[in-house]
Each structure stands twice: as C-alpha cells, then as structure tokens.
Amino acid sequence: MGRRRDVRFVSSGVKLPSASASAPAPSPAPAPALLSAALPFAHIGRAFDAAARRLGACLPRVPVARADTAAPPPVRRHGKDAGGGGEERVLISEVAVRGKDGEPLERPELEAAAAAALRACRPNAALTVREVQEDVHRVVESGLFRSCMPVAVDTRDGIRLVFEVEPNQDFHGLVCEGANMLPSKFLEDAFRDRHGKIINIRHLDQVIKSVNGWYQERGLTGLVSYAEILSGGILRLQVSEAEVNNINIRFLDRKTGEPTVGKTQPETILRQLTTKKGQAYNRAQVKRDVETILTMGIMEDVTIIPQPVGDSNKVDLVMNLVERPSGGFSAGGGISSGITNGPLSGLIGSFAYSHRNVFGRNKKLNLSLERGQIDSIFRLNFTDPWIDGDNKRTSRTVMVQNSRTPGTLVHGGDHPDHGPITIGRVTAGVEYSRPFRPKWSGTLGLIFQHAGARDDKSNPIIRDFYNSQLTASGNDYDDTLLAKFESVYTDSGDHSSTMFVFNVEQGLPVLPEWLSFNRVTTRLRQGYEIGPARLLLSASGGHVEGNFPPHEAFAIGGTNSVRGYEEGAVGSGRSYAVGSGEVSCRMFGPLEGVVFGDYGSDLGSGPKVPGDPAGARGKPGSGYGYGVGVRVDSPLGPLRLEYAFNDKQARRFHFAVGYRN
C-alpha cells in the first residue's frame, strides 16, 4: 500500500504516551485519564482554600462546626470527613453549571450532561474538596468538555458552587499522519456521522483503541502515539509504525551457541524473506519467514529478534541461525510393489549420499542406489530450489536414473517355462517447477527414456511367453522424448486435506523411430472429519493415446490400487479409473484403525494395449476389494498392515510404508 500523506484528522489537547517501535502496541489508557495532566485540575484546591478563608471570615453569619463540636447546626453543617483523613466539609446551598465566562451554556444538552455527571455535589450537601474534585473528574470523563473549574461563591443564602465548563469544539475534520498501512476508509467510517457535532473524547478514545487493535490483529507494530484538537475543530492523530531498518544474519555454533562462521551464503537466506528493509515490521510476517527458512532443510534452528534503533520508530532484525550438518551417507530399506511372492518378497536395501547445501546456496545433491531381489535403481538428482536471478521462485532439477524393475505389474508373474520379465530403463531429464498461485504449483519437464524388457539372464527380449510384444517399436529398446506438464493443488500438508494433481506427457518423435503418444492422468483426494473419525475419499484415472510400449499401460490392483488383489491383477489398460473410500479412527497412542473399500476398472481398454497382456493372462478388467487394517506412526512414515477381500472371494494381506497414493 502506498504512502498517504494527504490523509488528515482533528482533536483537542489529548496526549498519548509513545511506545517503543519494537514492542507490541499496547492498548492505550482511556483518553480522559490521559487528559488529566493537561486539564486545569490544580486550581481546585486553591479555589476551596479561598472559599474556606471566606467562610472563616464570616463565621458569625455562617456557623462552622468542627470535628470536636458536639452538636453542629442541623442545616449548615461542616465538620471532619467521617471517612477519615480529617478533611473539612463545607455546606453547599446551591450547585450550578455555567460556561467559562459564568454565563449559561448555549447548548442546554451540554449543561444537562455536565449536571448528570455530578454525583456528590448536590444542593444542601456538606462536601469535601476531594468529593468536589471527583465530580470535576466525572464531568471531564464525560468526554464533552475540555476543562471544568469549580468556583465557590459566598451568597446571602449560603455557598453557591458553580462548575464553569469549557466544551470541546465541534468536529470539522481529521488529520492522520504516519499511518502508511492503515486504510483511510477505516478512519473515515469511524468519523462519518460526527461532522458538526461536538468532539467527544470518549469516542476518540474508542477510535484510538480500534486503530491500535487493527495493528495488533495483523501482527503489525503500530499505535496512535499522539492526538490533539486543533483550532477550527480539527482532530490530529499521529500514528507511529515500526519500520525495518536493517536485517543482520548471525550464525551460531550448534554445540556452544556462540557466534561462528556459517557455510550458507547470506543472500541465500535474505532472498527467502518476505520482510524487507524499509517495510513495516510485521510480527506475523516475520514468523512466516522463520518457517520458510526452516523448510529449506539446511537450518536446525532459526530465531529473529527485533532491536530498537535509538529513539526512532525503526527496528533492526537480528537473525540467529544454527546450521544442520550439510549431508552425509545413509542406508535404509523399502518394499517393492512389483514382487508379490517369496519369503523376502519386495524387500529393498538402499544406500545414499546427500548434500543439502551445495556451495552454501541451498542446492541439493542426492546420489542413491537401491537393490532388491530383482529391483535395481541408481539415481542422481541435482536440485536448485530457487534459480539465481528468477523472481518467481522457480526450481530446477536435473535427473539421471538407471533402473531395473519387475514387469509383473503388466506381464504377470513367473511361469514354469519362462523366467520373470524385468524392465530396464535409462532416464535423463530436467524439470522446472514453481508456484503460480496460492496452493497451486506447476512443473514443466523434458525427459528422455531408453527402455526395454529383459529375461532372467538380463538378455533383451521383444516377446513374452504368450508371444505378446514387449516393445512398441519392435526393437530391443524403445526411445522416447517426453515433454511433461504437471499441476498440483494442495490445501495443506495434511494427508487428509484436499489434493488435486493433473499430469500430461507428450512423446515427441524427434527421430522417426522415437515413440509418439499422449498420456493424461489425474488424482483427487478429499478428507472429512466426522466426529472422532475421518473419512478419506480418493479417485484417480488416466488415458494413453498413440504408440506406447505395453509396460507403460496402467496397472490396476494391489496395495495402492484395489486391495484384495495382487499387484496389477485386476487389469492393464490404455485407460483406467480407481476409486477408494476409507474411514479411520485413532485407537490409542500411535495406533489407528481403518475400514476401507476400493474399486478399479480398465474401462474396457485392456485389449487395446499392444499385445493385450491383460487378455493373455485372463485379467478380469474390473474388480473391487474391501477390508480392515491398522496403521502405526513411525519415523519412516505410517506403517500399514491391511487385510482385504476381493470380489472373487480371495483374501490377502497388504503391508506398506507410507500413505496410499
């Protein structure tokens, strides 16, 4: 929001205490209380001293009863205040409200308002100076008067107490300075119906509180630091907003907490911040910046401390950073979805090296090797989360992969006369990703793939035991250059939140023998809270058009598809649709119980896959499954153990690590 030097407001001698720009904006004290120092209350004691002297001079005519007087006169009675403190009481015969010049007020409603504020001062009452002063405060606290002076007049009928009041001016305008973030409409609405009416300090106090509250609600450090009424009925408000003067980065040692030299380039950190030098200091924004830096994955701890700069409304932000170790070697394991038989079915061991802060610029290098009974995957990924010189937060990932995976998802399992088929792929490509709307992100990529089938001796083959083709080109290997586009919507990071993924891949026939096909897939997930339980609905589907290898067909069935079936046992098609629903409920500790149901179909597209691998293996093309399961939270992610039945009355255990796709 741009600076608005033309916004103006108007008021009368109201002074508010200034606050440190770096501290949270405190709620201002009530305006009348703040006014008390500026209003002429000091004359009250002197006025009553003079009244007492006059009364003393006329004691023969106006009897005065002291505290030690046994029987004071019943009408004009003064004595010591029974409440303690030994204050003299003076009998008042008449109480009146007048203007500053002693004349009646032009507005009867103002005189009535002042009279209504009086509590102790009544005709024929014996009063102390303190009681009169309290009534003076009440008149001023009504918010309509600039000053109130009690005047005691000795008359023939007794002492007449006159409250000479000075009303505030009529409101004719407003000047507001320093409110660069506060919308002008906020103050316009607050004073919209006040033009031409007398300025009410109580209303002004409420406006000041609402302005301060506006800053607090938004995590901003700002408050009304000064207010006054100028001549002509113009209110002037001075707003103090804290401004970021400088941002300093300081690295701390992980063990000692002492300052040290960091490995990360300062500009790599500063470019992540939405808080910039010269902007208003926003505590909520600074908190989000801390979370952003932590999500980079290279910091163990981040704190940002505001420090005031002298007497100005500026703050320096000191950012304390504790770096994580840059990387190292690790080992682990997993489960392959392509192997379903054997005592150690699907177990995979892995070894990896990662560096999460290459060159101190948050660039990621990952090198991994996975090995199973049949699986073998070597990956090399280099990711730049934010390309230098780009202001759209575009990331770039360069990837090289050599893999050997089971072909059982499409081409069935082992056969007595034929060993298992594996699919070998060499893949290389580059992808660019960036957020383009809140909760939306997109990815563009160009990927080359060299893929083919192999027998159990790792020799290339082009047909399986059923004489079904294994490559689209008829050669030992198919070459494909894929242009990829993916759009992802995520409501939050929680697994039960809304998620939508749309993916398009287009094979580019740069050379005549390269494959040309178009593949579209989509996934949708939506969660609902139902009392203590949670309902999760998910659906996915896709279609391939063009010349593609059969091992790229959509495999239906298995742990992440239709449970109750083996992997890929429902069908393999050019098209597919899978829907799932599950209800989960926390049981105790990290244990969660689940009831689920799945359905999947190839939409009649199985025979359209080159070689019809599903038809040759008697896959039904559609099916459903249902069952129960438990999940346990672990450092590796949710451990899932599920027991499912399918529509063929077969039953099957499923075990997996991580959420269902």
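Scroll up a little and you will see the structure.
Residues numbered from 1 in each chain as written. Predicted model: local features only at pLDDT ≥ 70, side-chain atom pairs only at ≥ 80, totals over all residues. Heavy atoms only, no water.

Draft legend 1. A look at the sheet that holds strand 11 (residues 299–308). Pairing within the open sheet is mixed, and its four strands lie in the order 10-9-12-11. This sheet does not close on itself; its edge strands, each paired only once, are strand 10 (259–260) and strand 11. When strand 9 (residues 243–252) meets strand 10, the two strands line up antiparallel, connected through two bridges. The residue bridging L252 from the neighbouring strand is P259, located in strand 10. Running at roughly 155° to strand 11, helix 8 (residues 283–295) makes contact with strand 11 and strand 12 (314–323) of the sheet. (Pairing = 2+ DSSP bridges. Helix = DSSP H or I, 4+ residues; strand = E, 2+ residues; numbered from the N terminus. Contact = heavy atoms within 4.5 Å. Axes fitted to C-alpha atoms, helices over the stretch in contact; angles between N-to-C directions.)

Draft legend 2. Looking closely at helix 8. Under the 1.5 Å per step criterion, the end-to-end length of helix 8 is 19 Å for 13 residues, consistent within 8% with the ideal 18 Å. Q285, V286, D289, V290 and I293 are the residues of helix 8 that are buried. Viewed end-on, helix 8 has its buried residues packed into an arc of 150°, placing them on one side of the element. Residues K287 and T295 are exposed on helix 8 and point more than 90 degrees away from its buried face. Residues of helix 8 that are buried sit in contact with helix 7 (266–270), strand 11 and strand 12. Positive phi shows up at G297, right after helix 8, with a value of about 85°. (Expected span 1.5 Å × (residues − 1). Buried < 20%, exposed > 50% of the residue type's maximum accessible area, 1.4 Å probe, protein only. Arc of directions from axis to C-beta.)

Draft legend 3. Quick peek at the environment of P435. Checked against the element boundaries, P435 lands in strand 18 (residues 422–437). Since its relative accessible area comes to 41%, P435 is described here as partly exposed. Spatially, the C-alpha atom of P435 lies 9.6 Å from that of S395, the residues being 40 residues apart in sequence. Apart from the residues within four sequence positions on either side, P435 is in contact with K392, R393, W440 and S441.

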